[in-house]
Amino acid sequence: MQEITIRTQQHCQFINIDAQVQSAVDAARIQNGICCIFVPHTTAGITINENADPDVVRDIIATLDKLVPWHGNYAHTEGNSAAHVKASMLGFCQTVLVREGKLALGTWQSIYFCEFDGPRTRKIWITVIPAP
Ligand code: ZN
């Protein structure tokens with residue numbers, strides 16, 4: 001398993017981690033297989049979506065904010081329930097195929113680390129498994 005550390009700058013922020021994940025695939029020296037990317041946090045998640053128009057990420061963040069407002073009738077006393085809910089909505093793990101040593105993402109796809117209670121220092125765990 002490999003570990004990436006990233007520092008987020010904003011309260012809510014999506015960070016493209018394609019390059020870091022590809023580096024982990026490179027280090028594993030496999031041609032074909034799967035790459036599992038896991039976020040070991042409860043107020044940050046991971047998703048795959050469009051990298052061409054930055055408005056897509058802006059719209060996702062704005063829509064999540066509308067669906068899960070920061071201030072609400074939450075029970076969790078830490079005060080960051082919205083971040084926990086958003087993280088669970090997007091999930092904590094993505095799996096991407098590896099083909100000829102490269103992440104097999106669609107033309108417009110990128111992998112995004114999704115911060116919902118930043119800024120913080122965050123970890124991402126990556127395991128690359130060769131195809132049998
Ligand atoms: Zn909390």
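Residues numbered from 1 in each chain as written. Predicted model: local features only at pLDDT ≥ 70, side-chain atom pairs only at ≥ 80, totals over all residues. Heavy atoms only, no water.

Draft legend 1. Region of the structure containing the overall build of the protein chain. On a plain count of helices and strands, the protein chain comes out with three helices and eight strands. What you see in the protein chain, going N to C, is helices and strands ordered as β-β-α-β-β-α-α-β-β-β-β. Computed over C-alpha atoms, the radius of gyration of the protein chain comes to 15 Å, within 12% of the 14 Å expected from 2.2 N^0.38 for 132 residues, which places it in the range of a compact globule. In terms of principal-axis extent, the alpha carbons of the protein chain reach across some 50 × 30 × 25 Å. The burial tally for the protein chain puts 41% of its 132 residues in the buried class. In the protein chain, the share of contacts with a sequence separation of at least 24, taken over all contacts with a separation of at least 6, comes to 83%. Element-wise, carbon and sulfur atoms account for 53% of the exposed surface of the protein chain, whose accessible area totals about 7,300 Å². Where the 10 positive side-chain charges of the protein chain centre and where its 12 negative ones centre are 5 Å apart. (Helix = DSSP H or I, 4+ residues; strand = E, 2+ residues; numbered from the N terminus. Rg over C-alpha atoms; globule rule 2.2 N^0.38 Å. Buried < 20%, exposed > 50% of the residue type's maximum accessible area, 1.4 Å probe, protein only. Contact = heavy atoms within 4.5 Å. Areas by Shrake-Rupley, 256 points an atom, 1.4 Å probe, with all protein chains shown as cover. Lys, Arg positive; Asp, Glu negative; His and termini not counted. Charge placed at Lys NZ, Arg CZ, Asp CG, Glu CD.)

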